[in-house]
Amino acid sequence: MITLRNIDKYIDKRFQRTFILRGIDLDIEEGEFVTIMGPSGAGKSTLLNILGFLDDASAGEYSFLGEPVHNLSEKKKSDYHKSHIGFVFQAYHLIDELTVYENIEMPLLYRKVKGSQRKAMVAEMLDRFNIVAKKDLFPNQLSGGQQQVVGVARAIIGSPKLLLADEPTGNLHSGQSEEIMEIFKMLNEEGVTIVQVTHSEKMAGYGNRIINMKDGVLTEEDPYPDKEEAI
Ligand code: ADP
Ligand code: ADP
């Protein structure tokens, strides 16, 4: 699904080049649940943003679903993002002025899905995540965990192939974190490829592969990516 070859990301400022990512090589297959770990400032968010077309690499090759991303027009990239990728943020990034229902519906408006279909799709999400009773509430009337459930519903309402999550449980208590990870696990079992960033070993344990990052480079991968098989 994803192939990165020799990806660099750098910032040029006053004749000085600062590398954020350097020589990243990575393959992610469809159906994987990958966790990226590493200290603050390692470049994890930057890598995730590149994977999600929210940022461009400075050099190297990124292929998504067999297509070289640098060949895609901005319009095509935006279409790809909308139709294939869901993004979950640490701080939820819900729109405060919109209700739970309206937040979840938002991506469908961008995709110009018809009214009757939108209604059915949002209803399905509310039902699936057990938040029907919350549909008319605003984000500030919800707990962090509930806000993140809404964030996940919004991210997957378009049935993305790839779900990217930048510290999705970073602001949550452990019970809420586990609820979000159980949702991720369920989505992954349904075939959604997941790439998450986390600082938590426990959250990483929900995935099947750990990639470590430091100072903009990938360091060693977990030698036993699939614990059941390794034993
Ligand atoms: P971002 O990816 O948004 O830049 P950071 O990686 O800087 O975020 O940190 C996200 C959160 O994780 C912050 O609240 C920070 O305090 C915390 N954090 C950063 N590094 C570690 C670490 N090594 N172990 C545990 N928590 C950390
Ligand atoms: P992480 O998510 O692992 O905490 P980030 O990807 O957020 O790391 O950032 C990696 C490094 O790149 C940090 O030192 C950060 O300050 C720097 N950085 C990220 N984006 C920019 C930018 N647009 N301009 C300059 N420096 C940046």
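Residues numbered from 1 in each chain as written. Chains lettered and ligands numbered in written order. Predicted model: local features only at pLDDT ≥ 70, side-chain atom pairs only at ≥ 80, totals over all residues. Heavy atoms only, no water.

Within an unreviewed UniProt entry, the label attached to the protein chain reads Phosphonate ABC transporter ATP-binding protein, and the organism entered is Rhodohalobacter mucosus. The UniProt entry for the protein chain carries the following comment under Sequence similarities (unreviewed entry): "Belongs to the ABC transporter superfamily. Macrolide exporter (TC 3.A.1.122) family." (UniProt positions renumbered as here; feature names shortened; annotations may be inferred.)

A few words on the side chain of E167. Along the chain, E167 turns up in the loop between β7 (162–166) and α6 (174–189). This buried residue, E167, is left without a salt bridge; K44 holds the nearest opposite charge, at 5.1 Å. Ignoring anything within four residues of it in the chain, the contact list for E167 reads Q90, V197 and H199. (Helix = DSSP H or I, 4+ residues; strand = E, 2+ residues; numbered from the N terminus. Buried < 20%, exposed > 50% of the residue type's maximum accessible area, 1.4 Å probe, protein only. Lys, Arg positive; Asp, Glu negative; His and termini not counted. Salt bridge = Lys/Arg side-chain N within 4 Å of Asp/Glu carboxyl O. Contact = heavy atoms within 4.5 Å.)

Attention now moves to helix α3 (residues 100–110). Regarding α3, the residues found buried are V100, N103, I104, E105 and L108. Buried positions along α3 lie against α4 (115–128) and α5 (144–156). In the segment just after α3, K112 is the residue with positive phi, at about 55°.

An order of β2-β1-β4-β5 is seen for the four strands of this open sheet, with the pairing classed as antiparallel. On the outer flanks of this sheet lie β2 (16–28) and β5 (67–68), each paired with one strand and no other. Sheet topology places strand β1 (residues 2–13) next to β2; nine bridges connect them, and they run antiparallel. Each residue of the ladder has a partner; that of I11, found in β2, is T18. (Pairing = 2+ DSSP bridges.)

Here the focus is the site of ligand 2. Every residue near ligand 2 is listed here: I11, I20, P39, S40, G41, A42, G43, K44, S45 and T46. In the model, an oxygen atom of ligand 2 is placed 3.1 Å from a nitrogen or oxygen of the A42 main chain. Note that an oxygen atom of ligand 2 is positioned 2.8 Å from one of the side-chain N or O atoms of S45. Protein coverage of the free-state accessible area of ligand 2, which is 560 Å², stands at 51%. Per-element tally for the shell around ligand 2: the top contributor is helix α1 (residues 44–51), with three residues. Its residues assigned to classes, the shell around ligand 2 shows four nonpolar, five polar and one charged. (Near = heavy atom within 4 Å. Polar contact = N/O pair within 3.5 Å; in protein donor to acceptor, adjacent residues only side chain to side chain. Areas by Shrake-Rupley, 256 points an atom, 1.4 Å probe, with all protein chains shown as cover. Nonpolar A, V, L, I, M, F, W, Y, C, P; charged D, E, K, R; others polar.)

Attention shifts here to unusual backbone geometry. Despite not being glycine, H93 shows a phi value in the positive range, around 55°. Checked against the element boundaries, H93 lands in the loop between β6 (85–88) and α3. By relative accessible area, which is 48% here, H93 ends up partly exposed. Here S159, not a glycine, exhibits a phi torsion of approximately 50°, which is positive.

Taken together, the neighbourhood of ligand 1 is formed by S40, K44, S45, Q90, E167 and H199. S45 has a polar side-chain atom sitting 2.9 Å from an oxygen atom of ligand 1. Protein burial of ligand 1: of its 560 Å² of free accessible surface, 41% is covered by the chains. Grouping the amino acids of the shell around ligand 1 by side-chain chemistry returns no nonpolar, four polar and two charged.

For strand β8 (residues 193–197), the buried fraction is high: five of the five residues fall into the buried class. Residues of β8 alternate between two faces, with T193, V195 and V197 on one and I194 and Q196 on the opposite face, all of them buried. Two elements, strand β3 (residues 33–37) and β8, share four bridges in a ladder whose sense is parallel. Paired with F33 across the bridge in β8 is I194. Examined bridge by bridge, β7 and β8 share five bridges and lie parallel to one another. Note on β8: the bridge partner recorded for L163 is I194. Taken together, β7, α6 and β8 form a β-α-β motif whose crossover is right-handed. (Right-handed = clockwise from strand over helix to strand, strands pointing away.)

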